[in-house]
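Results of the structural survey
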Amino acid sequence: MHKLPTKSLILVVFLTILAAACLMTLDNILPAKAQTTTEPWSEPVNLSHSGAAMTPYLVVDNQGIVHVFWEDEYAGTTYTSRLDGVWQPPSTGEFPFSTFTPFLVVTPRGWVHAFWIGEEQELFASRVPASDVGNAFSWEPARQLANTAITLDATVDARGAIHLTYLRPVSEDGFPAGIYYRRTTDNGDSWYLPVMLYDSAYFRSLTPEDANLHITSAGSNNESLLFISWDNRPRKQVFVTRSLDSGDNWEPIQEIAGPEPTLGSYIPFNIQVSTQPEQALLIYQVGEPGGSCTQYYRVSLYQGQSWSESQEMLTDTAACPEHNQFFNLADGTTLLMTSILERPYLIAWNGSRWSDPQAQSKLVGFEDPEIYSQVIMGCHQAALGPGDELVVAGCDLGDGGDIWATNRSLGDAAAWFPPPPVWSEPVSFAESTTPITDLNVLVDENDYVHALWVQAEDLDTPESLLAIYYTRWDGERWTSPQAVISSDVGDTLHPSFALDSSGRLFAAWSDSASSELLFSWAEADRANSPLEWAPTTAIPASQPGADYPYLLVDINGIIWVTYSLPLNEERGIYLTSSTDGGRTWTDPQQAFDAIAEGWSMAGAPQLAQTTDGTLHLLWEQLANPTNPEIIALYLTRSADEGESWTEPDLVIEGTLDWNALLSSGEDNVHILWQERRDGRPVLLHRVSPDNGLTWARPEGLASFAEQTSNPVAVSDTAGRLHLLQTEADFSANLTLSHRIWDGVRWGTAEGLDLASQSDQVIEQLAGDISSDGTLAAVFSSDEMPSVGGSPITQLFFSTRTVAIPNSEVETNVQVESTPAATPTVSPTSTPGPTPVPELPQEPGVGFSLGPLSLADSWTGVILGGGIAVFLVVLGFGVLLLKRRSH
């Protein structure tokens, strides 16, 4: 083996140290990583010290005293308690339930009750004052409550009544096999007669391992709400029933899940209910008991009268959760303790979603501090005490043979929840078998979302005329979509909509039959009825054929409509206005003469206004009628309410997919457009911070998407821009992206994962933002049929809240100083040299990669790692060349 020369070795060491320094420097830039949290469980305590203990069971009384029993192979039933945080020496005794496993409950009167199934399957009960639990002689003699049972459950309600349910596996003495219920309202002095809730001959073949039965209660001192849930595994069914009056009456049984032809050998099983005064929650599993399964949950906001659809939980594990146990915390949170592959977890439910599962490593195993041996903790028994303290007792499944106990506070359960999703789950609110076009969304001051679009009025007739449809979201539900504007003879085309400050919704559109521009309006909160819309009136145009109207309600309440005459004589861009809500209109004024400029076709105009009243007008140059693609954008402005306009300025030449004109803040004007370069979408933005006098250079908004929808751009009251766009990457993962311009640069906000629509086609997107930051997005999704038939178009809705800064954002961009264009009263003039500099062939998108930041951990690792590898490889390359040269 050859040795490196000393100088070469020094060079390698130097480069390696330099590479490490690069990594350390980048690591210092990255945000600090979260520290491991302190173990919340107390140090486990050996309760038995016997080496022959098993089967613990415990209860916490209303004084917070923890009572624990277990079986000792040599001494029999053993008991200990925790008083004032100190575990007492264990004692043995001949308790009524000795050699059996009792179910323990505590009543408000301070009594501990035990229920157990005897050697001949009899159901027994006994009780004792909580102060004498450890004294075997203080327990009352066993009382038989049923002559046959294989499983039981009991609960204590707020009034102190004990509610007991059990499964009877035999049919005799007039009592068929089934689910039975009993109760006592006098602390066990007397018991009501058994009530059969459900009978099934199939229960006769059940074993205790196959039986699942639970009861739970919630309510006040007046009436208690009770739920009983059970499995009928031979029939592949799980059921629940409830009582609203403390067990006096029971409602008809509800089947929560049953057999399905697609499940094969899988069955629903292990149903269980947890109830709070305002909400009920149930879980059940589908799979093979003792094997694999999927766990589901359902929620009821109506105390079990109806349930939500089943939803999967714990989707990140293929194993079947076991030993599910519910606890209700003082703040209304429901806690689920479960075990996955013998590893206990805690999961919290806050009324709307589940927390991240919290692994409880202390309950898996730990080192015995006395003999330094590993304790493998199993057969967990848990109880919730005052102050939301969870106490767990378990047995050592290893060689130790002891009973151990530990406890923890659950006061930190609220911190288990991941940050709530920024965007609401997309909800479908309309569908059509005919195409949906011209989608528009407006959000009013009450945060009501108004959605309007064009589709065929008669879905059963493909030749049906196109009408304007409307629906409204009031924060809870959508109104039924209605055709509110239609024509008996022509289609309604290219509509534009606007809201004014008094809550009126305006609409302008072109009519295919009359070739006119038409106008109507309605009160926004009643716009879902066609009867509420005002009679249609015509917007003045110099000749038929006007199209692409654009509505703007300015700061003074004046309604402006700009439109194009795209073809024929007098083609160009026009404006008209109304000061009386659309009853009368000014004569149309031509802002651009396409004939004089030799244009074949003038496209859709847009209008914006800054706070000083200046109007800004943007319009498209289209190639020709047979190829109506956008080939250029032009801009002009008026500082005198449209009386005169500056010379038109060329903004961009090239084939464009989309463009938008917006104003924000005091005097910011924005132009955005999307073009294609090498087949990929490129978004560009240009801003003028001084009301259109000077303009910053175009800024590219980088996107790594393979396919995108046309964007939607809106401005908030602080002067920021919000850009929404659906994006599909190379793996067909679909996302609704959200970018925010803060006055200086574009940043990436949290988007919405649209994985559920990843196999569909997103055709349209619309959005708007309210003054208090409610950002709404509506998109259409076309689901293509597998074989034949027509595609089904659905409209989906999602919303999020955006924090609006208290003060207007300050625009700080570098502009290119150019003299302002001089206004002219003449309708048009030949477009001269534009004060807007030409767009460079390749915009500087390299400095606008919003998601790429050294504050991102992966970015730092990639950059630092790349530098380190490059330096080391470079060093070895130099050495190799030197060796070859010798």
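Residues numbered from 1 in each chain as written. Predicted model: local features only at pLDDT ≥ 70, side-chain atom pairs only at ≥ 80, totals over all residues. Heavy atoms only, no water.

1. Structural notes on the overall build of the protein chain
- A count of helices and strands for the protein chain gives two helices and 63 strands.
- A total of 886 residues make up the protein chain; the buried ones form 52% of that total.
- Considering only contacts in the protein chain between residues 6 or more positions apart, those separated by 24 or more positions represent 47%.
- Approximately 41,200 Å² of the protein chain is accessible, and the part contributed by carbon and sulfur atoms is 51%. (Helix = DSSP H or I, 4+ residues; strand = E, 2+ residues; numbered from the N terminus. Buried < 20%, exposed > 50% of the residue type's maximum accessible area, 1.4 Å probe, protein only. Contact = heavy atoms within 4.5 Å. Areas by Shrake-Rupley, 256 points an atom, 1.4 Å probe, with all protein chains shown as cover.)

2. Observations regarding the packing of aromatic side chains
- Summed over the entire model, instances satisfying the criterion amount to 39 aromatic pairs.
- Ring centres 6.5 Å apart and planes at 70 degrees place the aromatic pair Phe69 and Trp139 in the edge-to-face group. One end of the pair, Phe69, is in strand β3 (residues 66-72); the other, Trp139, is in the loop between β9 (123-129) and β10 (143-146), and 70 residues separate them in sequence. Just as Phe69 is buried, Trp139 falls in that class too.
- A ring pair is formed by Phe366 and Trp404, whose centres lie 5.1 Å apart and whose planes are at 75 degrees; its orientation type is edge-to-face. You can see Phe366 sitting in strand β27 (residues 365-367) and its partner Trp404 sitting in strand β30 (residues 403-409), a full 38 residues away along the chain. Neither Phe366 nor Trp404 differs from the other in exposure class; each is buried.
- An aromatic cluster is built from Tyr57, Phe69, Tyr79, Phe95, Phe97, Trp116, Phe124 and Trp139, whose rings are joined through pairwise contacts.
- Above the ring of Trp41, the side-chain terminus of Arg408 is found at 5.8 Å from the ring centroid. (Phe/Tyr/Trp six-rings, centres within 6.5 Å; stacked < 30°, edge-to-face > 60°. Lys NZ or Arg CZ within 6 Å of the ring centre and 35° of its normal.)

3. Describing the side chain of Gln764
- Relative to the assigned elements, Gln764 resides in strand β59 (residues 761-769).
- A polar contact is formed between the side chain of Gln764 and the backbone oxygen of Ile436, at a distance of 2.4 Å. (Polar contact = N/O pair within 3.5 Å; in protein donor to acceptor, adjacent residues only side chain to side chain.)

4. Quick look at the sheet that holds strand β25 (residues 343-349)
- Pairing is antiparallel across the open sheet formed by four strands, whose spatial order is β23-β24-β25-β26. The sheet terminates laterally at β23 (322-328) and β26 (358-359), the two strands that pair on one side only.
- Across two bridges, β25 lies against β26 in antiparallel orientation. Following the sheet pairing, Tyr345 is matched in β26 by Ala359. (Pairing = 2+ DSSP bridges.)

5. Considerations on the side chain of His163
- When you line up the elements, His163 lands in strand β12 (residues 162-168).
- We classify His163 as buried; its relative accessible area is 0%.
- A polar side-chain atom of His163 sits 2.8 Å from a polar atom in the side chain of Asp157.
- A polar atom in the side chain of His163 sits 2.7 Å from the side chain of Tyr181.
- When sequence neighbours within four positions are dropped, the list of residues in contact with His163 reads Asp153, Ala154, Thr155, Asp157, Tyr181, Arg182, Arg183, Ile215, Leu226 and Ser246.

6. Notes on the pairing of strand β55 (residues 712-715)
- Sheet analysis places β55 next to strand β56 (residues 721-728), joined by four bridges and oriented antiparallel. Note that in β56 the partner of Val712 across the bridge is Leu724.
- Once β55 ends, the chain turns through five residues before running back antiparallel as β56, passing Gly719 with a positive phi of about 90 degrees.

7. Section: the environment of Ile267
- Assignment of secondary structure puts Ile267 in strand β19 (residues 267-275).
- Considered as a pair, Ile267 and Pro289 are 22 residues apart in the sequence and their alpha carbons are 8.2 Å apart.
- Here Ile267 is in contact with Arg233, Lys236, Gln285, Val286, Gly287 and Pro289, once residues within four sequence places are set aside.

8. Observations concerning the state of the cysteines
- Summed over all chains, the structure comprises two disulfides.
- Across the disulfide from Cys293 sits Cys320; the S-S distance is 1.9 Å. When the S-S torsion is 95 degrees, as for the bridge of Cys293 with Cys320, the disulfide is right-handed. With Cys293 in strand β21 (residues 293-300) and Cys320 in the loop between β22 (311-313) and β23, this pair connects stretches of sequence that are 27 residues apart. (Disulfide = S-S within 2.5 Å.)

9. Some details on the sheet that holds strand β43 (residues 589-593)
- The antiparallel open sheet is built from four strands, whose spatial order is β40-β41-β42-β43. Of all strands in the sheet, those with a lone pairing partner are β40 (547-553) and β43, marking the two edges. The average angle at which neighbouring strand axes cross in this sheet is 20 degrees, direction not considered.
- Sheet topology note: the strand β41 (residues 559-565)/strand β42 (residues 572-578) ladder contains seven bridges and is antiparallel. (Axes fitted to C-alpha atoms, helices over the stretch in contact; angles between N-to-C directions.)

10. A few points about the environment of Ile253
- Within the fold, Ile253 resides in the loop between β17 (237-243) and β18 (254-257).
- Look at Ile253 and you get partly exposed, because its relative accessible area is 33%.
- Counting along the chain gives 56 residues from Ile253 to Leu197, while the straight-line C-alpha distance between them is 8.4 Å.
- Each residue touching Ile253, except ones within four places of it in the same chain, is listed here: Leu197, Tyr198, Trp230, Phe239, Val240 and Thr241.

11. Here's the deal with the pattern of salt bridges
- The tally for this structure, following the rule as stated, stands at 16 salt bridges.
- Here Arg82 makes a salt bridge to Glu389, at a shortest N to O gap of 2.7 Å. Of the two residues, Arg82 is situated in strand β4 (residues 76-83) and Glu389 in strand β29 (residues 389-396); the sequence distance between them amounts to 307 residues.
- Across the pair Asp189 and Arg127 runs a salt bridge, and its minimum N-O distance is 2.6 Å. Residue Asp189 is found in the loop between β13 (178-184) and β14 (195-199), and its partner Arg127 is found in strand β9; the two are separated by 62 residues along the sequence.
- A residue is classified by how much of its surface remains accessible, and Asp189, at 45% relative accessible area, is partly exposed.
- What makes Arg127 buried here is its relative accessible area of 11%.
- One continuous salt-bridge network, built from bridges that share partners, spans Arg127, Glu140 and Asp189. (Salt bridge = Lys/Arg side-chain N within 4 Å of Asp/Glu carboxyl O.)

12. A look at unusual backbone geometry
- Its identity as a non-glycine residue notwithstanding, Gln121 has a phi of 70 degrees, on the positive side.
- Tracing the chain through its elements places Gln121 in the loop between β8 (111-117) and β9.
- For Asp388, which is not glycine, the phi torsion reads 55 degrees and is therefore positive.
- Within the secondary structure, Asp388 sits in the loop between β28 (374-385) and β29.
- Look at Asp388 and you get buried, because its relative accessible area is 15%.

13. Let's talk about the confidence of the model for the protein chain
- Mean pLDDT over the protein chain: 86, with 86% of residues reaching 70 or higher.
- Per-residue pLDDT stays below 50 along residues 1-13; that stretch engages in nine contacts with residues further than four places along the chain or on separate chains.
- Note on residues 817-864: pLDDT is under 50 here. Beyond four places in sequence and across chains, it has 87 contacts. (pLDDT = per-residue confidence, 0-100.)

14. Observations concerning the environment of Arg677
- Position of Arg677 among the secondary structure elements: in strand β50 (residues 668-677).
- The class of Arg677 is buried, set by a relative accessible area of 15%.
- Taking the C-alpha atoms as reference points, Arg677 and Thr655, 22 residues apart in sequence, are found 9.6 Å from one another.
- Only 2.9 Å separates the side chain of Arg677 from the side chain of Glu675, close enough to count as a polar contact.

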